[in-house]
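# Report on the structure
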Amino acid sequence: MNKGASKIIPHLWFDKNAHEAARFYTSIFPNSKIKSTTIQNSPYSGDFDIVSFELWGQEFMAIGAGPYFKFNPSISFVVNFAPSRLKNASEMLDQVWSQLADGGTVLMPLGKYPYSKKYGWIQDKYGLSWQLILTNPEGEERPEILPSLLFVNENAGKAEEAMNFYFTVFKNSKTGQIVRYPKGMEPDQEGTIMFADFLLEDQWFVVMDSARNHEFNFNEAISFLVNCDSQDEIDGYWEKLSAVPEAEQSGWLKDKYGISWQIVPKELDEMMTKGSPEQIARMNSVMLKMKKLDLVQLRKAYEGDGYEE
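Keep in mind that what you see is a predicted model, and the values were worked out from it rather than measured. (Residues numbered from 1 in each chain as written. Predicted model: local features only at pLDDT ≥ 70, side-chain atom pairs only at ≥ 80, totals over all residues. Heavy atoms only, no water.)

## Focus: unusual backbone geometry
Counted only if it meets this: To qualify as a helix, a DSSP run of H or I must reach at least 4 residues; to qualify as a strand, a run of E must reach at least 2; elements of each kind are numbered from the N terminus. Buried, partly exposed and exposed residues are distinguished by accessible area as a fraction of the type maximum, computed with a 1.4 Å probe on protein chains only: under 20%, between the cut-offs, and over 50%, respectively.
Here the residue pair Glu186 and Pro187 is connected by a cis peptide bond, since its omega of 10° sits within 30 degrees of zero. When you line up the elements, Pro187 lands in the loop between strand E10 (173–180) and strand E11 (193–200). The backbone of Asn31 sits at a positive phi, close to 50°, despite the residue not being glycine. If you trace the backbone, Asn31 turns up in the loop between helix H1 (18–28) and strand E2 (33–42). Exposure remark for Asn31: the relative accessible area of 61% places this residue in the exposed category. Positive phi, normally seen in glycine, also occurs at Ser250, with a value near 50°. Here Ser250 lies in the loop between helix H4 (231–241) and strand E14 (252–254).

Below is the structure:
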């Protein structure tokens, strides 16, 4: 849970190697750093790491709390290497690809495609997927790294619907580029989304449809943490996004497409990082019993005000 500047932050769930992975990623991408690492305790998984880090300006949170969820390509990260901004963009792409390929798996070979002179899709040694592309995005400047949502199986063909749904959830949002499948690219249906990008608050996203056979779906390994200023804001996001009651736990929810979100108060990060072990233990104990987070009750647990085990 991060106070941070960003409203929406990608959150990665690792087994027990979140800090190791963060060190690896920050060594690969420029303008990257680990911002903080905290160790907490859970009655279910013992000690676990929470890591806040930045990759090329994109904020991330990560947790290393056991082998409960596994990364898959349904959510990946597009990395833009733009020659208009980088003199050595192509060489830099090759270097990053080489580092991610060490122990990883190639999903689409690095090479020339109709949409780019150089593109490749790779799964790194931790299972996280990356799409590296040599590009100069049109219109408003895009960030170097942005999450990509691949709509497959029962979700295939719903990328545009999902994009429009998120526009109703987040106030500050807009569409970027949209590229649709033309006729003759079966099984993908004409008019569905080959590629689109859009902005929610201060976070750019990519969406794509794929009607081909895929043995994966969205899961909790990658979620999106939404920092909220008030209980009213928590309540509003929760009401609009939560569509799977059995998935509601400790601020986590799943939307109607199966994508996981964490709806948290901004101040939770400060309490977790600055609190004493006793304060954090009280907070965790109370939070584990919650579905939607109750800010008043979390504050009471933190202060020990009327707290009962």
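There is more to say after this.
## With respect to the layout of surface pockets
Our working rule: Detection works on a 1 Å grid of protein atoms alone, calling trapped sets that fit a 1.4 Å probe cavities and calling open sets with protein on both sides within 12 Å along at least five of seven lines pockets, with lining residues defined by an atom within 4 Å of a point. Grid points are joined across faces, edges and corners, and a volume is the space filled by probe spheres set on the points. Note that Gly is not counted as nonpolar here; it falls among the polar residues with everything else outside the nonpolar set of Ala, Val, Leu, Ile, Met, Phe, Trp, Tyr, Cys and Pro and the charged set of Asp, Glu, Lys and Arg.
Taken as a whole, the largest pocket spans an internal volume of roughly 860 Å³. As for the largest pocket, its lining consists of 34 residues, and the residues nearest its centre are Tyr115, Tyr119, Met194, Phe195 and Met208. At the level of secondary structure, the elements contributing two or more residues to the lining of the largest pocket comprise strand E5 (75–81), strand E6 (105–113), strand E7 (116–123), strand E8 (129–134), strand E9 (145–151), E10, E11 and strand E12 (203–209). For the lining of the largest pocket, the class distribution of residues is 21 nonpolar, seven polar and six charged.

## Looking at the side chain of Gln279
Inclusion rule: Polar contact criterion, stated in full: a pair of N or O atoms within 3.5 Å, where within protein one must be able to donate a hydrogen and the other to accept it, and residues adjacent in sequence count only if both atoms are side-chain atoms.
Tracing the backbone through its elements, the reader meets Gln279 in helix H6 (residues 277–288). Taking the relative accessible area as the measure of exposure, Gln279 reaches 17% and is therefore buried. A polar side-chain atom of Gln279 sits 2.9 Å from the main-chain amide nitrogen of Ser276.

## Some thoughts on empty space enclosed by the protein
Evaluated as defined, the whole model comprises three cavities of 30 Å³ or more. Space inside the second largest cavity adds up to approximately 40 Å³. Along its surface, the second largest cavity is lined by Phe71, Asn72, Ser74, Ile75, Asn219, Ala221 and Ile222. In the lining of the second largest cavity, the residues fall into four nonpolar, three polar and no charged.

## Considerations on the pairing of E11
The cut-off we apply is this: Pairing between strands is defined by DSSP: at least two bridges between them are needed.
For E11, a buried count of six out of eight residues is recorded, marking the element as mostly surrounded by other parts of the structure. With six bridges connecting them, E10 and E11 associate as antiparallel partners. Pairing of Arg180 across the sheet is with Ile193, part of E11. As paired elements, E11 and E12 share five bridges and run antiparallel to each other. Note that in E12 the partner of Leu199 across the bridge is Trp204. Linkage of E11 to E12, two consecutive antiparallel strands, is achieved through a turn of two residues, within which Glu201 is found at a positive phi near 55°.

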